[in-house]
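As a plain string of letters, each chain reads:
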Amino acid sequence: MALGAGVGGEPVRPVLRIRATVGREGLGEHRLGHQVEQFPLGSVLTMTAIPLQIADLTGSPLAVGAVGAVELLPTIVFGLYGGVLADRADRRTVALVTELALAALSALLLANALLGTPALWPLYAAAGLAAALQGLQQPSAEAMIPRLVPPDQLVAAGNLLSLRWSIAGLAGPATAGVLIATAGVPAAYLVDLGTFLLSIALLTRVRPVPSQRDAEAPRLREFVDGARYAARRPDLLGTYLADLAATVCALPTALFPFLAQELDAVWALGLLYSAAAAGGLLAAATGGWTERVHRHGQLVLLCAALVGAATAAASFAPGLWTILLCLLVAGGANQIGDTFRSAIWNQSIPDELRGRAAGLEMLIGSAGPALGDLRAGGLAARQGIRVALRTGGLLCLAGTAALSAALPALWRYDQRDQLSHPDQLNHLDQPDRPDRPDRQPTP
């Protein structure tokens, strides 16, 4: 997930990488022996270093903000193509080759930082190229997981993935600030390069994950097949829409600087950014109970509703600590919802479509927070910070209620159905089987 935005609480958006999941089956057993997940600390360091370098070289907030614009088009185009590629090529190979290329970019950033006067253009070039490479890599990296992890351990794997991002979102910015202040910007790039090399070494230990389809050249129009499949699956479609309801309407990080000013607590801006990540970390660390929950669709909807309710409550909170508590709850609810969304995707999407589904997920995950910041910023400029917070939270609640009523298949989704009869959901050619009462007919 990327260079540019969101250090506190939001997932790192598409750029420097999703670290590889390394699974090893036990001797003679079809189960997970171990999983090594590299924390994305290096990405957070680079996310901090690049804007700092650009600010140093230009003194322009607009120049810093332009990093996100440089990343946008490559993320969309290569994210779409990466989803198709993941369903045609060996997923381990795609992840490994792109990781090698990203490591080379990190080395170039280090070399540029060591110059007497670092050049500006390599920073933008690296951001755009890294966005393109991450767009190619992320669908394959995510689509590998169901092939390496047994179905009954997917929820636990989702918790582990969320835990590493929560730790990085909480501890990463502070670590980056201390490292850059004491050792300089090159040290951040050097640590990032080291984490890439470790990730590459781990990826070489993953068994190949070849496509189960014919190895033809991928065509971008195949992405449309994946989108059509999602549209025919009301339970699956509901998970995407619930994610959008939470990210577009709630947790608007663009408002945090102005909220800190309103509270006369500019010193607490870092706490506002970190509160949601802290909630996610707490939820992931205490998430053992999630493995005993079978009705995943209900948890997806209830967690999205809780994110909205906590965001709306923050608009009424009188002081800093109450607001932080609301953001903590919202971040925890969002993390739990992500865990169950991922479990539904990994349990029920056919392997031949998982790459394209991961590409669609990546696009939604990138677009949702960006649209949310745009919505919140525009409304706050006209009607104030508190109104923007309250309106977003209430819209999230209303949207979740509408999804529950319009897509009952999501509310009724039960993990036990998939584990007992995987062919009933996990089948490309029979999306509307009449023997499934929770299916809605295709128009």
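Everything in this summary refers to the structure shown in the same document. This is a predicted model, so every value here is computed, not measured. One numbering rule holds for all chains: residues counted from 1, following each sequence as written. Residue-level local features of this predicted model are given only where pLDDT is at least 70; pairs of side-chain atoms are given and counted only at 80 or more, and the full residue set underlies all totals for whole chains, interfaces and linings. The basis for every side-chain value is the complete set of non-hydrogen atoms in the structure, without hydrogens or water.

1. So, the packing of helix α3 (residues 91-113) against helix α4 (residues 121-148)
Helix axes use the C-alpha atoms of the stretch in contact, all axes being lines fitted to C-alpha atoms, and the angles between their N-to-C directions lie in the range 0 to 180 degrees. Numbering goes from the N terminus for both helices and strands, where a helix is a DSSP run of H or I of at least four residues and a strand is a run of E of at least two. Following both chains from N to C, one finds α3 and α4 inclined at 155 degrees, their axes separated by 8 Å at the closest point. Relative to α4, α3 is oriented roughly antiparallel. In the crossing of α3 with α4, the sense of the turn from one axis to the other is left-handed. Three classes are used, and their members are as follows: Ala, Val, Leu, Ile, Met, Phe, Trp, Tyr, Cys and Pro are nonpolar, Asp, Glu, Lys and Arg are charged, and the others, Gly among them, are polar. Class assignment of the residues belonging to the contact of α3 with α4 gives a composition of 15 nonpolar, 5 polar and 4 charged. Working definition: roughly parallel below 35 degrees, roughly antiparallel above 145 degrees, roughly perpendicular at 65 to 115 degrees, and oblique for all remaining angles. Here a crossing is taken to be left-handed if its near helix is turned anticlockwise relative to the far helix by less than a right angle, and right-handed if that turn runs clockwise.

2. Section: α4
With 28 residues, α4 extends 40 Å between its outermost C-alpha atoms, agreeing within 8% with the 40 Å of an ideal straight helix rising 1.5 Å per residue. A residue's bend is simply the angle between two axes: one fitted to the seven residues ending at it, one to the seven starting at it. At Gln137, α4 shows its largest kink, close to 30 degrees, and the proline Pro139 lies no more than four residues downstream. Residue burial is assigned from relative accessible area. The probe radius is 1.4 Å, only protein chains are included, and a residue is buried under 20% of its type maximum, exposed over 50%, and partly exposed in between. By the criterion of burial, α4 is predominantly enclosed, with 25 of the 28 residues buried. Working rule for helices: expected span equals 1.5 Å times residues minus one.

3. What to know about the nonpolar core
Here the nonpolar core consists of buried residues drawn from Ala, Val, Leu, Ile, Met, Phe, Trp, Tyr and Cys, with membership extended through side-chain atoms lying within 4.5 Å. Within the largest apolar cluster, 34 residues are counted, with the highest numbers of intra-cluster contacts made by Ile54 and Tyr189. Elements with a contribution of two residues or more to this core: α1 (41-58), α2 (61-86), α3, α4 and α6 (185-203). The element best represented in this core is α4, accounting for 9 residues. Two residues qualify as a contact provided that any one of their heavy atoms is within 4.5 Å of a heavy atom in the partner residue. Residues in contact with Ile54, not counting those within four places in the same chain, are Gly59, Ala63, Val64, Val67, Leu120, Leu123 and Tyr124. Membership of the second largest hydrophobic core comes to 30 residues, among which are Leu251, Ala275, Ala276 and Val307.

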